[in-house]
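Chains, contacts and geometry: an overview
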Amino acid sequence: MALLLRNKGIKRIRPLAGGLEGWRKLGFPLVTGKAETETEPQA
Amino acid sequence: MNETLSFLMRHGYTVLFVWVFAEQIGLPLPAVPILIAAGALAGGGHINLFMAAGVAIFAALLSDGVWYELGRRRGVKVLQFLCRISLEPDSCVRRTENAFTRHGAKSLLVAKFIPGFSTAAPPLAGVFQMRATRFLFWDALGSLLWAGGFIGLGFVFSSQLDAVTGRALSLGSWLFGILFGALAAYIAWKYIHRQRLMRQLRIARITPEELKQKIDASEEVVVVDLRHSMDFEADPETIPGAHRMEASELEEALHLIPRDRDVVLYCT
């Protein structure tokens, strides 16, 4: 997906190393349920 | 080349079985020309039409069965492995999951006509724990459509194919060289292009620690949770403030993505 966006000209794409699992393993906070579902990223 | 043709005539069923099985198991061998050739051979009376179709369907079902069972036992890792070795690994898993979510078992009916999806669909049926009888039914129908369609095409146009084969034989090894060279160049170009982009993305990758610091410092950063809805249902936890989107929605909303700040993505 990151490659696709990069190909579309969006240059400041930063894949999260290790994904959600990497974040979780470090004990960083998580929220349960719906995130800001189907909202515009700029909002 | 004449020796090759006579070899095909002598061992038509075996070649057909091995070739179709190899293609369906994931080797980069196009089976369609062989199916059409088998149809043409049947049209010329060298092999039996129904026997050829039966052999091709059996070979396809056998390899699909192997992938289905692997999908059942090993889960989504099998699909990830298959997509990693495909020519379009970046969209392969997402495309396959989306097709299966939309059409369910019926997607097996057309899977063999779609490059990439052909090998990925059977393990996905296993991943989704589809009943074996249901899988066999739809996969057999799909195999019949696919193998029967192309063998039938070769059968109907067998006389025209004779003329094409004659012309190809007159061009001899040059034709083979040109076709092989074009295919090799295409695969090499895709590989080099992908490696270059992957290198750029490896550099741009953000660590969880760095992201946490940015969020804590209230820096302008957009976090997007791109997990498939099935994955999200299985694990509904997400990073605070993350925008959740289906990958297909993101493609449609490209104009909404800010260009002046970092966009952090995760899809696993």
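The rules behind the values
- Residue positions within a chain follow its written sequence, with the count starting from 1.
- Throughout, the order in which chains and ligands are written sets their labels, letters from A for the former and numbers from 1 for the latter.
- With pLDDT at 70 or above as the cut-off, local features in this predicted model cover only qualifying residues; side-chain atom pairs require 80 or more to be listed or tallied, and sums for whole chains, interfaces and linings still use all residues.
- Each side-chain value is worked out from all heavy atoms of the structure, with water and hydrogens disregarded.
- Secondary structure follows DSSP: runs of H or I at least 4 residues long count as helices, runs of E at least 2 residues long count as strands, and numbering of each begins at the N terminus.
- For every residue, the accessible area obtained with a 1.4 Å probe (protein chains only) is divided by the maximum for its type, and the residue is called buried under 20%, exposed over 50%, and partly exposed between those limits.
- Areas reported here follow the Shrake-Rupley algorithm with a probe of radius 1.4 Å; residue values treat only the protein chains shown as occluding.
- How sure the predictor is of each residue is captured by pLDDT, a score from 0 to 100.
- Residues belong to a common nonpolar core when they are buried Ala, Val, Leu, Ile, Met, Phe, Trp, Tyr or Cys residues joined through side-chain atoms within 4.5 Å.
- In what follows, a contact means two residues having at least one pair of non-hydrogen atoms within 4.5 Å.
- Any N or O atom pair separated by 3.5 Å or less is treated as a polar contact, with the protein-specific requirement of one donor-capable and one acceptor-capable atom, and with residues adjacent in sequence counted only for side-chain atom pairs.
- The salt bridge definition used is simple: a Lys or Arg side-chain nitrogen within 4 Å of an Asp or Glu carboxyl oxygen.
- Axis definition: a line fitted to C-alpha atoms, limited for helices to the stretch in contact. Angles are taken between N-to-C directions and run from 0 to 180 degrees.
- Here is the rule for angles: anything less than 35 degrees is roughly parallel, anything more than 145 is roughly antiparallel, 65 through 115 is roughly perpendicular, and the remaining ranges are oblique.
- Handedness of a crossing is defined here by the sense of rotation of the near helix relative to the far one, left-handed for an anticlockwise turn of less than a right angle and right-handed for a clockwise turn.
- Each residue is assigned to one of three groups, with Ala, Val, Leu, Ile, Met, Phe, Trp, Tyr, Cys and Pro labelled nonpolar, Asp, Glu, Lys and Arg labelled charged, and all others, Gly among them, labelled polar.
- A patch consists of residues exposed above 30% relative accessible area that lack any salt bridge, with like charges linked at up to 9 Å and nonpolar side chains (Val, Leu, Ile, Met, Phe, Trp, Tyr) linked at up to 5 Å.
- Only rings of Phe, Tyr and Trp enter the pairing, Trp through its six-membered ring, and a pair is recorded when the two centres are within 6.5 Å. The plane angle decides the type: under 30 degrees is stacked, over 60 is edge-to-face, the rest tilted.
- By definition, being over a ring means that NZ of Lys or CZ of Arg is both within 6 Å of the ring centre and within 35 degrees of the ring normal.

With that out of the way, let us pick up the overall build of chain A. Scanning chain A from N- to C-terminus turns up two helices and two strands. Reading chain A from its N end, one meets helices and strands in the order α-β-α-β. Counting across all 43 residues of chain A, residues that qualify as buried make up 42%. Carbon together with sulfur atoms contributes 50% to the accessible area of chain A, which is approximately 2400 Å² in total.

This part covers the confidence of the model for chain B. For chain B, the average pLDDT comes to 80, and 80% of its residues sit at 70 or higher. Quick note on the complex model: pTM equals 0.57, ipTM equals 0.78.

For B:Ser218, which is not glycine, the phi dihedral falls at a positive 55°. Relative to the helices and strands, B:Ser218 resides in the loop between α12 (208–216) and β1 (221–225).

What follows deals with the confidence of the model for chain A. Residues at a pLDDT of 70 or more form 70% of chain A, whose mean pLDDT is 74. Confidence, read as mean pLDDT per element, is least for strand β2 (residues 36–37) of chain A in chain A (50) and greatest for helix α2 (residues 19–25) of chain A (89).

Before going further, it helps to examine the nonpolar core. Counting 21 residues, the largest nonpolar core has B:Leu16, B:Val20, B:Leu35, B:Ala56 and B:Trp146 as the members making the most contacts within it. For this core, the secondary structure elements donating two or more residues are α2 (12–25), α3 (32–43), α4 (49–74) and α9 (132–156) of chain B. Apart from residues lying up to four places away in sequence, B:Val20 is in contact with B:Ala31, B:Leu35, B:Ala56, B:Ala59, B:Ala60 and B:Trp146. The next biggest cluster of nonpolar side chains, apart from the first, holds 15 residues, and it includes A:Leu5, B:Leu256, B:Ile257 and B:Leu265.

Turning next to the side chain of B:Lys112. All names here are of chain B. Along the polypeptide, Lys112 turns up in the loop between α7 (107–110) and α8 (117–127). Side chain to side chain, Lys112 and Asp64 meet in a polar contact 2.6 Å long. Contacts of Lys112, omitting those with residues within four sequence positions, involve Gln24, Ala60, Asp64, Ser118, Asp139, Ser143 and Trp146.

Residue and element names in this part refer to chain B. By the element assignment, Asp139 lies in helix α9. Looking at Asp139, the relative accessible area reads 1%, which means it is buried. When neighbours within four sequence positions are excluded, Asp139 is seen to be in contact with Leu61, Asp64, Leu108 and Lys112.

Looking at the element boundaries, B:Ala132 is found in helix α9. Overall, the relative accessible area of 41% leaves B:Ala132 in the partly exposed class.

A few words on the pattern of salt bridges. One pass over the full model with this rule turns up 13 salt bridges over all chains. Ionic pairing is found between A:Arg14 and B:Asp262, a salt bridge with its closest N-O pair at 3.4 Å. Placement of the pair is A:Arg14 in strand β1 (residues 13–15) and B:Asp262 in strand β3 (residues 262–266), with the two residues belonging to separate chains. A network of salt bridges, in which partner residues are shared, links A:Arg12, A:Arg14, B:Glu210, B:Lys214, B:Glu219 and B:Asp262.

All names here are of chain B. It is at 8 Å that the axes of α2 and α4 come closest, and there the two elements cross at 30°. Between α2 and α4, the interaxial angle falls into the category roughly parallel. Considering only the axes of α2 and α4, their crossing is right-handed. In contact with Tyr13, Leu16, Phe17, Val20, Phe21, Gln24 and Ile25 of α2, α4 contributes Met51, Ala52, Val55, Ala56, Phe58, Ala59, Ala60, Leu62, Ser63, Asp64, Val66 and Trp67. Here the residues of the contact of α2 with α4 sort into 16 nonpolar, two polar and one charged.

Attention shifts here to a nonpolar patch on the surface. Residue and element names in this part refer to chain B. A cluster of nonpolar residues, Val110, Phe113, Ile114 and Leu145, forms a patch on the protein surface that exposes about 330 Å² of accessible area. Relative to the helices and strands, Phe113 is located in the loop between α7 and α8. The partly exposed category is assigned to Phe113, whose relative accessible area is 40%.

The subject of this paragraph is the packing of aromatic side chains. For the structure on display, the rule yields six aromatic pairs over all chains. Between A:Trp23 and A:Phe28 the ring centres are 5.0 Å apart and the planes differ by 70°, which places this aromatic pair in the edge-to-face class. A:Phe28 carries the same exposure label as A:Trp23, and that label is buried. Between B:Phe113 and B:Phe150, the aromatic rings sit 6.0 Å apart at their centres with planes inclined by 40°, giving tilted as the arrangement. Of this pair, B:Phe113 sits in the loop between α7 and α8 while B:Phe150 sits in helix α9, and the two are 37 residues apart along the sequence. An aromatic cluster of at least three residues, connected via ring pairs, comprises B:Phe17, B:Phe21 and B:Phe58. Note that B:Lys212 overlies the ring of A:Phe28, its terminal NZ or CZ placed 5.4 Å from the centroid.

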